[in-house]
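# Fold and geometry: a report
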Amino acid sequence: MSMITPVLMAGGSGTRLWPVSRKAFPKQFAPLIGDETLFQASARRLSGPCYGDPVVMTNSDFRFIVAEQLEQVGIGHEAIVIEPVGRNTAPAVLAAALMAATQDPDRLLLVAPSDHVIPDSEAFTRAVEQGIGPAQAGRIVTFGITPDRPETGYGYLELAGQGEGPQPLTRFVEKPEAARAAEMLAAGNFLWNAGIFLFSARTMIDAFRAHAPGFLEPVQKSVDEAQTDIGFLRLAKGPWEGLADESIDYAVMEKADNLTVVRFSERWSDLGGWDAIWRETLDAEPSENGVALDGPATAIDCQDVLLRSDNEDLDVVGIGLRDMLVVATSDAVLVADKSRAQDVKQAVTALRKKNRKQAEAFPRDHRPWGWFETLALADRFQVKRIVVKPGAALSLQSHVHRSEHWIVVSGTAKVTVDETVTLVTENQSIYVPLGAVHRMENPGKVPMVLIEVQTGSYLGEDDIIRYEDVYARNSDD
């Protein structure tokens, strides 16, 4: 059996699942269906005898989240590759192919989004195995999903016939109107485009050379000048910044004449909206009245609704609702007609125009050492809860505009303030004066929790001067 290298695309920041998915913490890293995150489920699905360790394409903001979530499910990685700026999927796919070709030009790569739901991993692997032969023969294999409804939110793949097994692609079809989608469903030779591709490194490089040659030199230069950054591979920024922002479909796939389609007829979803979450939740827990509940939620005389709360202290109650989506987090609530699920991104746009932090940021801010959340914020003071992972440490830093008072709630903190190092245990506190050079560490084996009270004229996160950092971050990272 040929060893396939999964290439997980994990750099996106979708807005259609707001308020749970935001720029600061997008949907692939959230447990939207079940206890695992979508990223973890994708990595687990693409592991096993025919797969090697994955290559993950992401950005600088998510690199520590990627590493931590892989570690949590016990999956290693060949590389976590940091894209300097977002340029869509075309350059990321080419970079993965160029890196693989340095070891073996005939190496097979399986490029897959990290935010899809495919419950039957074994069936998907069987579909992938059908594509190995064509991929080794120089074909680009794409995977089409047998549609079960006239969906207008997906692009389609048209096949010459309706048979099983790998088939040549006739053409790509853009997202259709409802009537056309119904016609294609009835025809039987149209599949949803899943955006998953299997190919050899050599084949993909040749495809770029033929159809998108402008990418080759700058992506190759960015790969050649890449630097290792404490376990991550950071592509060179200069060549990458000048690249066109293009999807792999637009740059290569829609122009190539060597595409083969493998049909996949089991459950699949790209979770492209809250209506998809509603369907997937009902698939897992069927309901006669179409009510999908997640978290502390109660439905009274409701029909075909999703009620979800991601905050254990916030109960969502629906009464007499029909065809509605209600999603609550600790700082935002979405209420929408289910037929308008694709319009949720308009809410994000509206909030950005109002400069509302809920548009992109979460109350809980994930960092490589742990996380923090703001409990209270007013003029000249802020109260935070901070959780530091065992063995982790914040950077050695100082502030120009604020002082800090730390109270340990559980665990033990090793605190450096200028030249003094102190162990602060549960129910003890320590004061960090304005301008003092300080660091907080967790020397223990359990998470350390503390309450931080900040006072000062400016309390923004950019009021940090870093002197040392085990995570090699700069002041903007």
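Residues numbered from 1 in each chain as written. Predicted model: local features only at pLDDT ≥ 70, side-chain atom pairs only at ≥ 80, totals over all residues. Heavy atoms only, no water.

This brings us to a nonpolar patch on the surface. Together, Ile-300, Val-317 and Ile-319 give the surface a local cluster of nonpolar side chains, amounting to about 290 Å² of exposed area. One can find Ile-319 in strand S15 (residues 316-319). (Patch = residues over 30% accessible without salt bridge, like charges linked within 9 Å, V, L, I, M, F, W, Y side chains within 5 Å. Areas by Shrake-Rupley, 256 points an atom, 1.4 Å probe, with all protein chains shown as cover. Salt bridge = Lys/Arg side-chain N within 4 Å of Asp/Glu carboxyl O. Helix = DSSP H or I, 4+ residues; strand = E, 2+ residues; numbered from the N terminus.)

Turning next to the packing of helix H3 (residues 89-101) against helix H7 (residues 216-224). Direction vectors running N to C along H3 and H7 enclose 60°, while the axes themselves pass 10 Å from each other. One finds that H3 runs oblique with respect to H7. Where H3 crosses over H7, the two elements pack in a sense that is right-handed. Between H3 and H7, the residues in contact are Pro-91, Leu-94, Ala-95, Leu-98 and Met-99 and Leu-216, Val-219, Gln-220 and Val-223, respectively. (Axes fitted to C-alpha atoms, helices over the stretch in contact; angles between N-to-C directions. Parallel < 35°, antiparallel > 145°, perpendicular 65-115°, else oblique. Left-handed = near helix turned anticlockwise from the far one by under 90°. Contact = heavy atoms within 4.5 Å.)

So, on to the packing of aromatic side chains. Inspection of the entire model under this criterion finds 13 aromatic pairs. Ring plane angle 85° and centroid distance 5.3 Å describe the contact between Phe-64 and Phe-232, whose orientation is recorded as edge-to-face. One end of the pair, Phe-64, is in helix H2 (residues 63-72); the other, Phe-232, is in strand S10 (residues 232-234), and 168 residues separate them in sequence. The two residues Phe-64 and Phe-232 agree in class, both being buried. (Phe/Tyr/Trp six-rings, centres within 6.5 Å; stacked < 30°, edge-to-face > 60°. Buried < 20%, exposed > 50% of the residue type's maximum accessible area, 1.4 Å probe, protein only.)

Attention now goes to the nonpolar core. Side chains of a nonpolar character, in soluble globular proteins, are inclined to be buried together. Counting residues in hydrophobic clusters, the biggest one holds 66 residues, and the most contacted among them are Leu-110, Phe-124, Phe-143, Leu-198 and Met-440. If you tally residues by element for this core, the top one is helix H4 (residues 121-136), at six residues. Once you skip the residues sitting within four places of it in the chain, Leu-110 turns out to touch Ile-4, Thr-5, Pro-6, Val-7, Leu-46, Tyr-51, Phe-124, Val-128, Phe-143, Ile-196, Phe-197 and Leu-198. By size, the runner-up hydrophobic cluster in this structure holds 47 residues, among which are Met-9, Ala-92, Leu-159 and Ala-207. (Core = buried A, V, L, I, M, F, W, Y, C linked by side-chain atoms within 4.5 Å.)

It is worth spelling out the sheet that holds strand S22 (residues 402-410) at this point. With antiparallel pairing, six strands are arranged side by side in an open sheet as S18-S19-S20-S27-S22-S25. With one partner strand each, in any of the chains shown, strand S18 (364-367) and strand S25 (429-432) form the two edges of the open sheet. The average undirected angle you get between the axes of adjacent strands in this sheet is 20°. Inspection of the sheet shows strand S20 (residues 381-388) paired to strand S27 (residues 448-456) by eight bridges, in the antiparallel sense. Residue Lys-384 lies in a different strand from S27, and its bridge partner there is Glu-452. (Pairing = 2+ DSSP bridges.)

Another point: helix H11 (residues 344-353). Looking only at H11, the buried set comprises Val-344, Val-348 and Leu-351. Looking straight down H11, one finds its buried side chains confined to an arc of 65°; they lie on one side. Taken together, the buried residues of H11 touch helix H10 (274-284) and strand S17 (333-337). Among the residues trailing H11, Asn-355 stands out with phi positive, at a value near 60°. (Arc of directions from axis to C-beta.)

Here we come to the UniProt feature "domain: Nucleotidyl transferase" (unreviewed entry) in the chain. If you check UniProt for "domain: Nucleotidyl transferase" (unreviewed entry), the listed places come out as residues 6-283 in our numbering. For residues 6-283, the helix share is 35%, the strand share is 22%, and the end-to-end C-alpha distance is 27 Å. (UniProt positions renumbered as here; feature names shortened; annotations may be inferred.)

A few words on unusual backbone geometry. Here the amide bond leading from Trp-18 into Pro-19 is cis, since omega sits at 10°, within 30 degrees of zero. Here Pro-19 is to be found in the loop between strand S1 (4-9) and helix H1 (38-45).

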